[in-house]
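Here is how the chains run, residue by residue.
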Amino acid sequence: KNQVEQSPQSLIILEGKNCTLQCNYTVSPFSNLRWYKQDTGRGPVSLTIMTFSENTKSNGRYTATLDADTKQSSLHITASQLSDSASYICVVSARGNNRLAFGKGNQVVVIP
Amino acid sequence: IAGITQAPTSQILAAGRRMTLRCTQDMRHNAMYWYRQDLGLGLRLIHYSNTAGTTGKGEVPDGYSVSRANTDDFPLTLASAVPSQTSVYFCASSDNSGSADTQYFGPGTRLTVL
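Quick caveat, the model's predicted, so the values are computed rather than measured.

Caption draft 1: Up close: the overall build of chain A. Each helix and strand in chain A was counted, giving zero helices and 11 strands. Put simply, chain A runs from its N terminus to its C terminus through helices and strands in the order β-β-β-β-β-β-β-β-β-β-β. At 13 Å, chain A has a C-alpha radius of gyration in line with the 13 Å of a compact globule built from 112 residues. Dimensions along the principal axes, computed over C-alpha positions, put chain A at roughly 45 × 25 × 20 Å. A total of 112 residues make up chain A; the buried ones form 46% of that total. In chain A, 55% of the contacts between residues at least 6 apart in sequence involve partners at least 24 apart. Surface summary for chain A: the accessible area is close to 5,500 Å², and the carbon and sulfur share equals 49%. Side-chain charges of chain A comprise 11 positive and 7 negative groups, with the mean position of each set lying 6 Å from the other.

Caption draft 2: Here's a closer look at the sheet that holds strand β7 (residues 64–66) of chain B. Residues and elements named next belong to chain B. Reading across the sheet, the four strands line up as β1-β3-β8-β7 and stay open at both edges, with antiparallel pairing between neighbours. Across the chains shown, the open sheet's two edge strands, defined by having one partner strand only, are β1 (4–7) and β7. Along the sheet, successive strands turn relative to each other by an average axial angle of 20°, direction set aside.

Caption draft 3: Representation of the interface of chain A and chain B in the model. Chain A puts 23 residues into the contact, and the matching count from chain B is 23 residues. Between chain A and chain B, a total of about 1,500 Å² is buried, with carbon and sulfur atoms accounting for 50% of that surface. In this structure, the connection of chain A to chain B is made through zero salt bridges. With five residues, the top contributor of residues to the side of chain A that touches chain B is strand β4 (residues 30–38) of chain A. The class makeup of the residues in the side of chain A that touches chain B is seven nonpolar, 11 polar and five charged.

Caption draft 4: Region of interest: the pattern of salt bridges. Applying the stated rule across the entire model yields six salt bridges over all chains. One salt bridge in this structure joins Lys37 of chain A and Asp39 of chain A, with 3.7 Å as the shortest N-O distance. Its relative accessible area of 13% is what places Lys37 of chain A among the buried residues. With a relative accessible area of 31%, Asp39 of chain A lands in the partly exposed category. Note that Arg44 of chain B and Asp38 of chain B form a salt bridge whose closest N and O atoms lie 2.9 Å from each other. Each of Arg36, Asp38 and Arg44 of chain B takes part in a single network of salt bridges with overlapping partners.

Caption draft 5: Representation of the environment of Gln37 of chain B within the structure. Checked against the element boundaries, Gln37 of chain B lands in strand β4 (residues 31–38). Measuring from C-alpha to C-alpha, the distance between Gln37 of chain B and Ala7 of chain B comes to 16 Å, with 30 residues separating the pair along the chain. For Gln37 of chain B, the residues in contact, after removing those within four places along its chain, are Gln38 and Ile89 of chain A together with Gly42, Leu43, Ser87, Val88 and Phe90 of chain B. Reaching out from Gln37 of chain B, the side chain makes a polar contact with the side chain of Gln38 of chain A at a distance of 2.9 Å.

Definitions and cut-offs
Sequence positions are assigned chain by chain, starting from 1 and proceeding in written order. The lettering of chains begins at A and the numbering of ligands begins at 1, in the order of writing. Confidence filtering applies because this is a predicted model: local features only for residues at pLDDT of at least 70, side-chain atom pairs given and counted only at 80 or more, and all residues used for totals across whole chains, interfaces and linings. Processing note: side-chain calculations cover all non-hydrogen atoms of the structure and skip hydrogens and water entirely. Secondary structure is summarised from DSSP: a helix means a run of H or I of at least four residues, a strand means a run of E of at least two, and numbering begins at the N terminus for each. Each radius of gyration reported is based on C-alpha atoms, and the globular scaling rule is 2.2 Å times the count of residues to the power 0.38. Think of it in three bands: residues with accessible area under 20% of the maximum for their type are buried, residues over 50% are exposed, and the middle band is partly exposed, with areas taken using a 1.4 Å probe on protein chains only. When checking whether two residues touch, look at their non-hydrogen atoms; a contact exists if any pair is within 4.5 Å. For the accessible areas, the method is Shrake-Rupley and the probe is 1.4 Å, while residue cover comes only from the protein chains on display. When charges are counted, neither His nor the chain ends are considered; positive counts come from Lys and Arg and negative counts from Asp and Glu. A charge is said to be at NZ when it belongs to Lys, at CZ for Arg, at CG for Asp and at CD for Glu. One bridge is not enough; two strands pair if DSSP finds at least two bridges between them. Every angle, taken between N-to-C directions, lies between 0 and 180 degrees, and every axis is a line fitted to C-alpha atoms, over only the stretch in contact when it is a helix. Buried area is a sum: the accessible area each of two parts loses on coming together, probed at 1.4 Å, counted once for each and added. Within this document, salt bridges are pairs made up of a side-chain nitrogen of Lys or Arg and a carboxyl oxygen of Asp or Glu, the two lying within 4 Å of each other. Basically, the charged four are Asp, Glu, Lys and Arg, the nonpolar ten are Ala, Val, Leu, Ile, Met, Phe, Trp, Tyr, Cys and Pro, and anything else, Gly included, counts as polar. Counting of polar contacts relies on pairs of N or O atoms within 3.5 Å, with two restrictions inside protein: one atom must be capable of donating a hydrogen and the other of accepting it, and residues adjacent in sequence are counted only when both atoms are side-chain atoms.

In structure tokens:
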């Protein structure tokens with residue numbers, strides 16, 4: 001069973017609208033959680049990183065939240081733009097271990 | 001500064017042939033990684049290197065080998081390619097190998113084995 005589950009698998013949103021992506025994980029002991037953005041045909045690029053003590057982190061129109069008690073994270077995209085069309089990957093690290101647990105990604109398509 | 005470069009960008013390869021995917025970083029990062037990304041499976045770690053001169057096996061190492069002769073280069077070799085190795089391959093690097101170190105990814109190599 002994958003240690004990082006993301007939902008929805010894919011979604012289509014209108015330009016200018018907001019959306020929220022979900023990530024649930026079972027990785028333990030928890031170290032940090034990252035959200036990566038992967039444009040089509042490109043490598044993933046880090047958007048945010050949160051440790052156990054952080055429950056929200058913003059990067060422009062992207063806001064990530066973390067609830068370490070329920071092992072859930074979300075990525076909120078505000079006022080979406082066409083350039084937000086991408087796969088968003090939730091990545092969780094365990095303490096004392098340099099291996100990353102990758103979610104399968106949320107595929108977002110923004111349409112005009 | 002280029003960051004991480006990978007070559008080739010894409011390749012079509014006959015089964016049974018040998019192939020080396022190249023990866024070079026100019027950030028003087030200690031740790032480097034090779035992943036494959038397949039539809040519906042996400043990114044999976046093939047091999048990694050915490051520092052020059054050392055390598056380790058990841059989640060899916062069979063059929064692949066790596067070497068780390070210096071800090072900058074981390075080539076991935078398929079000794080005898082099989083169709084199941086058709087995938088997109090990403091090289092990544094991080095300053096160190098700790099869980100807090102952000103991994104930076106290259107642009108990927110799309111490999112098709114026929």
